Amino acid sequence: MRVFFDTNVLFSAFGFHGLCLEILRECGLHHTVVISSYVIEELERNLASKLGTTPDELADIREQLMDHCEILDKYPTLDVDIRDMTDLRFFLPQLPLNHLY
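Everything quoted here is computed from the prediction, not taken from an experiment.

### Let's talk about helix α3 (residues 37–51)
Right, on to step 1. Between its first and last C-alpha atoms α3 spans 21 Å; for 15 residues at 1.5 Å apiece the expected length is 21 Å, and the two agree.
Right, on to step 2. Of all the positions in α3, only Y38, V39, I40, E42, L43, E44, N46 and L47 are classed as buried.
Right, on to step 3. A positive backbone phi angle near 70 degrees is found at G52, which sits one or two residues after α3.

The structure is reproduced here in structure tokens:
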């Protein structure tokens, strides 16, 4: 099974450890963890600005994610009217993966 994690779950996992980190680890052992490159960028930005995570720590987190997750960089073309195009980056990674080209 593929499991998509958004920025909020990853922020909790890497920022505070606890339950979200346990869930991430369990999914990594038994399933394919899927994230987007945008999620990684947003995660790094939030960890640095909100928790003061150092560049070395961010590089380590990025490396872990790149090594252990499937990274989505391609998104399907949709024939949908979206009022706020900034929302597109949030909902596209959550589409069923069989719709990717």
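### What about the sheet that holds strand β1 (residues 2–4)?
Right, on to step 1. Taken in spatial order, the three strands make up an open sheet running β1-β2-β3, and their pairing is parallel. A single partner strand is all that each edge strand has here, and the edge strands are β1 and β3 (70–72). Direction aside, neighbouring strands of the sheet carry axes that sit 35 degrees apart on average.
Right, on to step 2. With three bridges connecting them, β1 and strand β2 (residues 32–36) associate as parallel partners. Considered in β2, the bridge of V3 is made with V33.

### A short note on the packing of helix α1 (residues 7–16) against helix α2 (residues 19–30)
A pair of packed helices can be characterised by two numbers: the angle between their axes and the separation between those axes.
Right, on to step 1. For the pair α1 and α2, the least separation of the axes is 7 Å and the interaxial angle reads 105 degrees. It follows that α1 is roughly perpendicular to α2 by the angle criterion. Taking contact as the criterion, the partners of V9, L10, S12, A13 and F14 in α1 are, on α2, C20, L21 and L24.
Right, on to step 2. For the contact of α1 with α2, a count of residues per class yields seven nonpolar, one polar and no charged.

### Things to note about the pattern of salt bridges
Right, on to step 1. One pass over the full model with this rule turns up two salt bridges.
Right, on to step 2. Its salt-bridge partner being E70, residue R2 comes within 3.2 Å of it at the nearest N-O pair. Here the residue R2 occupies a position in strand β1, and E70 occupies one in strand β3, the gap between them amounting to 68 residues.
Right, on to step 3. E70 gets classed as partly exposed once you look at its relative accessible area, which sits at 26%.
Right, on to step 4. In this structure, R62 and E44 form a salt bridge, with 2.8 Å as the shortest nitrogen-oxygen distance.

### Describing unusual backbone geometry
Right, on to step 1. You will see that H17, though not glycine, has its phi angle at about 60 degrees, which is positive.
Right, on to step 2. If you trace the backbone, H17 turns up in the loop between α1 and α2.
Right, on to step 3. A relative accessible area of 47% means that H17 is categorised as partly exposed.

Conventions we followed
- Residues numbered from 1 in each chain as written.
- Predicted model: local features only at pLDDT ≥ 70, side-chain atom pairs only at ≥ 80, totals over all residues.
- Heavy atoms only, no water.
- Helix = DSSP H or I, 4+ residues; strand = E, 2+ residues; numbered from the N terminus.
- Expected span 1.5 Å × (residues − 1).
- Buried < 20%, exposed > 50% of the residue type's maximum accessible area, 1.4 Å probe, protein only.
- Pairing = 2+ DSSP bridges.
- Axes fitted to C-alpha atoms, helices over the stretch in contact; angles between N-to-C directions.
- Parallel < 35°, antiparallel > 145°, perpendicular 65-115°, else oblique.
- Contact = heavy atoms within 4.5 Å.
- Nonpolar A, V, L, I, M, F, W, Y, C, P; charged D, E, K, R; others polar.
- Salt bridge = Lys/Arg side-chain N within 4 Å of Asp/Glu carboxyl O.

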